[in-house]
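Structure at a glance
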Amino acid sequence: MPPSLILINPWIYDFAAYDLWSKPLGLLYVAGYLRHCGFKIRLIDCLDVHHPGMTADPSTKKPTRRAYGTGKYWRREVPRPLSLKHIQRPYSRYGISLELFQEELSKIQNPKAILVTSLMTYWYPGVEEVIGLCEKIHPHVPVILGGIYARLCHNHAVENSGADLVATNHNLDSLLEILNNCGISLPGSPPGPDRTPRPAFDLLTRPEYICILTSTGCPNRCRYCASHFLNPDRILRDPGEVLEEILHWHRNFSVRDFAFYDDALLVSFDKHLAPLLEKLARLDLGLRFHTPNALHIKEITQGIAALMHRTGFTTIRLGLETSDFSIHRDLDNKVTEGDFERAVNSLLKAGFAKNQVGAYILIGLPGQSVDSVFETIDFVGKTGATPYLSEYSPIPHTALWKQAVNNSKYDLAEEPLFHNNTLLPCWDGSRIKELPRLKKRVLGIRQK
Ligand code: SF4
């Protein structure tokens, strides 16, 4: 019997959460890798919406599912943490019940280690809860914490998470070293350096969509983004290998929806994405592709838009952030005048409907005025694209972090709960009051 490892995707604790092609891709890569090394992998996904053990009751409604595999999670309202008591909104634990989680965890006999992932820094209460229960149910089993919170708020995680070890690296080889340091030897051989096993989506109860990473890293250095810290190297995968991965999930699991997780999907298009899309377009399998991580506006040409349309791209999101080019010069330099209109024109001309082309607008940046957000919403509306407000969350290790800390009434450096974008932590009360009007303006454009 191969030795077992438990891998856990914790609950979300937040004011709101929605499954917009959100899967723990890093954890699933780890699962695929360690399975290849010979371990038996037991995955517990606290955000599993299809878990057969979940039943609706008066306090937990069955989650509504929407198009292309997106939708709501199971949700139970819980008391707000002390530091968020002043926010008059319901706060919830999203995911399966505590009881079901404990039942799942208790079923697994003699695990060698427990690996827990983490995402948003302000979701750490779910991480702590999971680790606390692991220690209760499997008291002598080492718990290793990885993921985004573990890397962005390393000291906080070391002091508070309860994990035996908090990983600082996202490298899969370094994980073997960690296991080795915990006295766990490999039952088999690791994969060769030229091929990473595909992420283990088959361990999910019912994969409705697959998240695909064709590359890591981003050549840009936007001051509000942690891409460079989290993925410093730009690595492009072989397009043939990505095609094989997409075909595997479609043919063996009947999956039709694929969400690209790349930070810079269209960069180096001709040598990287073009060969993949041309093959997919020729195969004409009726697949749908979504880009919840925004595309780089500058890269979109008439030809690229046409190929994307032929391939089956269905949800396009563009990283506009603002139409104020003085802000762009300060913050990211990724869009210049005329780029956005050209990109939207190309997409609409290629056959995309207005509601398929969305533009993210950042709101809540330090020093940003409400008027500039209104102007950006109207600007997006005039081009024929659909505006989406994207509330700014201050992120440690970004260039804007220091300014965010100085501009916030909250102690961002000490308490990750204050990074929550629902708080608009870098805006004062008078600007936050304008949020309903901003949302109304967005809605008005969407309903046109
Ligand atoms: S372009 Fe996007 S992914 Fe790249 S640094 Fe800017 S915000 Fe981050």
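Residues numbered from 1 in each chain as written. Predicted model: local features only at pLDDT ≥ 70, side-chain atom pairs only at ≥ 80, totals over all residues. Heavy atoms only, no water.

**Some details on the overall build of the protein**
Selection criterion: Comment: elements are numbered from the N terminus, with helices defined as DSSP H or I runs of at least four residues and strands as E runs of at least two. Radius of gyration: C-alpha atoms only; globule rule: 2.2 Å multiplied by the number of residues to the exponent 0.38. Burial classes follow relative accessibility: with a 1.4 Å probe on protein chains only, a residue under 20% of its type's maximum area counts as buried, one over 50% as exposed, and anything between as partly exposed. Here, two residues are considered to be in contact whenever any of their heavy atoms come within 4.5 Å of each other. Here, Shrake-Rupley sampling with a 1.4 Å probe gives the accessible areas, and only protein chains in the shown set may cover a residue.
Of the regular secondary structure elements, the protein holds 16 helices and 16 strands. Taking 448 residues into account, the globule formula puts the C-alpha radius of gyration at 22 Å, and the protein, at 22 Å, falls close to it. Considering the protein as a whole, with its 448 residues, one finds that 56% of them fall into the buried category. Contacts spanning at least 24 positions in sequence make up 76% of the contacts within the protein whose residues lie at least 6 apart. With the model as given, the accessible surface of the protein reaches about 20,000 Å², and the carbon-plus-sulfur share is 49%.

**Description of the sheet that holds strand β15 (residues 357-363)**
Hydrogen bonds between backbone groups are what pair the strands of a sheet, and the pairing can be parallel or antiparallel. The test is simple: Note on pairing: DSSP must find at least two bridges between two strands before they are called paired. Only the stretch in contact is used when fitting a helix axis, every axis being a line fitted to C-alpha atoms; angles between N-to-C directions are given from 0 to 180 degrees.
The strand order β9-β12-β13-β14-β15-β16 describes an open sheet built from 6 strands, whose pairing is parallel. Strands with a single pairing partner mark the edges of an open sheet, and in this sheet they are β9 (209-212) and β16 (386-391). Averaged over neighbouring strand pairs, the angle between their axes works out to 25 degrees when direction is ignored. Sheet analysis places β9 next to strand β12 (residues 257-260), joined by 4 bridges and oriented parallel. Paired with isoleucine 210 across the bridge in β12 is phenylalanine 258. Along the sheet, helix α8 (residues 239-253) contacts β9, β12 and β13 (288-290); its crossing angle with β9, the most-contacted strand, is approximately 170 degrees.

**Examining the domain arrangement of the protein**
Inclusion rule: An automatic or database domain assignment provides the domain bounds reported here. Buried area: the accessible surface (1.4 Å probe) lost by two parts on joining, summed over both. Salt bridges are identified by distance alone: a Lys or Arg side-chain nitrogen within 4 Å of an Asp or Glu carboxyl oxygen. Residues are grouped as follows: nonpolar covers Ala, Val, Leu, Ile, Met, Phe, Trp, Tyr, Cys and Pro; charged covers Asp, Glu, Lys and Arg; every other residue, Gly included, is treated as polar.
You can read the domains of the protein as domain 1 (4-181) and domain 2 (208-447). Computed over C-alpha atoms, the centres of domain 1 and domain 2 are 25 Å apart. Of the residues lining the interface, 30 residues belong to domain 1; the matching set on domain 2 comes to 33 residues. Of all residues in domain 1, Trp21, Tyr122 and Leu152 bury the most surface against domain 2, accounting for 28% of the area lost on that side. Taking the shortest distance from any N to any O, the salt bridge between glutamate 208 and arginine 65 comes out at 3.1 Å. Within the residue set of the side of domain 1 that touches domain 2, elements represented by two or more residues are α1 (25-36), α3 (124-137) and α4 (148-152). Ranked by the residues each element gives to the side of domain 1 that touches domain 2, the list is headed by α4, at 3 residues. Class assignment for the residues of the side of domain 1 that touches domain 2 results in 16 nonpolar, 8 polar and 6 charged.

**What about the site of the ligand?**
Definition in use: Any residue with a heavy atom lying within 4 Å of a molecule or strand is counted as near it.
Around the ligand, the neighbouring residues are Cys218, Asn220, Cys222, Tyr224, Cys225, Ser227, Asp263, His296 and Lys334. Among the residues making up the shell around the ligand, the classes are represented as 4 nonpolar, 3 polar and 2 charged.

**Considerations on a nonpolar patch on the surface**
Counted only if it meets this: Nonpolar side chains (Val, Leu, Ile, Met, Phe, Trp, Tyr) within 5 Å and like charges within 9 Å form the patches, drawn only from residues with over 30% relative accessible area and no salt bridge.
Side chains of Leu119, Met120 and Ile148 sit close together on the surface and give an oily, nonpolar patch of about 220 Å² of accessible area. Mapped onto the fold, isoleucine 148 is located in helix α4.

**Notes on the side chain of aspartate 48**
Counted only if it meets this: Note that His is not counted, nor are the chain ends; the positive residues are Lys and Arg, and the negative ones are Asp and Glu. Distance and chemistry together define a polar contact, namely a pair of N or O atoms within 3.5 Å, with one atom able to donate a hydrogen and the other to accept it when in protein, and with adjacent residues in sequence counting only for side-chain atoms on both sides.
Along the chain, aspartate 48 falls in the loop between β3 (40-45) and β4 (75-78). No salt bridge is formed by the buried aspartate 48, whose closest oppositely charged neighbour, lysine 23, lies at an N-O distance of 7.2 Å. Here the side chain of aspartate 48 touches histidine 51 through a polar contact of 3.2 Å, landing on its backbone nitrogen. Among the polar contacts made by the side chain of aspartate 48, one reaches the side chain of threonine 205 at a distance of 2.3 Å. Each residue touching aspartate 48, except ones within four places of it in the same chain, is listed here: Trp74, Ile96 and Thr205.

**Thoughts on helix α12 (residues 339-350)**
This is how it is decided: Here, expected helix span is obtained from the residue count minus one, scaled by 1.5 Å. The arc under discussion is defined with respect to the helix axis, by the directions toward the C-beta atoms.
Here α12 is 12 residues long and its end C-alpha atoms lie 17 Å apart, about the 16 Å a rise of 1.5 Å per residue gives. Regarding α12, the residues found buried are Asp339, Phe340, Ala343, Val344, Ser346 and Leu347. With its buried residues spanning 160 degrees around the axis, α12 presents them on a single face. Residues of α12 that are buried sit in contact with α10 (302-311), β14 (313-321), β15 and α13 (370-383). Residue glycine 351 follows α12 closely and has a positive phi angle near 120 degrees.

**Considerations on the nonpolar core**
Rules: Residue types Ala, Val, Leu, Ile, Met, Phe, Trp, Tyr and Cys, when buried and joined through side-chain atoms within 4.5 Å, form a set referred to as a nonpolar core.
In this structure, Leu34, Leu318 and Phe340 are the most contacted members of the largest nonpolar core, which totals 90 residues. The biggest single contributor to this core is α1, with 8 residues. Both domain 1 (4-181) and domain 2 (208-447) contribute no fewer than three residues apiece to this core. Not counting residues up to four positions away in its chain, the partners in contact with leucine 34 are Leu5, Phe39, Ile41, Leu115, Leu175, Leu176 and Leu179.

**Some remarks on helix α16 (residues 435-447)**
Spanning 13 residues, α16 covers 18 Å between terminal C-alpha atoms, matching the ideal 18 Å at 1.5 Å per step. Among all positions of α16, only Leu435, Leu438, Val442 and Ile445 are buried. Buried residues along α16 cover an arc of 90 degrees about the axis, so they all sit on one side. Relative to its buried face, α16 has exposed residues pointing more than 90 degrees away, namely Pro436, Lys440 and Gln447. Residues of α16 that are buried make contact with β15, α13, β16 and α15 (429-432).

**Thoughts on the packing of α13 against α16**
Operational definition: Orientation labels follow simple angle bins: below 35 degrees gives roughly parallel, above 145 gives roughly antiparallel, 65 to 115 gives roughly perpendicular, and whatever is left gives oblique.
It is the contact of α13 with α16, at a shortest axis distance of 10 Å, that shows an interaxial angle of 5 degrees. Our classification of the angle between α13 and α16 gives roughly parallel. Contact residues: α13 offers Val370, Val373, Phe374, Ile377, Asp378 and Gly381, while α16 offers Arg437, Leu438, Arg441, Val442 and Ile445. For the contact of α13 with α16, the per-class residue count stands at 7 nonpolar, 1 polar and 3 charged.

**What to know about the environment of serine 390**
Tracing the sequence through the fold places serine 390 in strand β16. Sequence spacing of serine 390 and glycine 319 is 71 residues, and the spatial spacing of their C-alpha atoms is 10.0 Å. Setting aside anything within four residues of it in sequence, one finds serine 390 in contact with Tyr360, Ile361, Leu362 and Ile363.

**Some words on unusual backbone geometry**
Even without being glycine, asparagine 110 reaches a positive phi, approximately 50 degrees. On the basis of relative accessibility, which here comes to 67%, the residue asparagine 110 falls in the exposed class.

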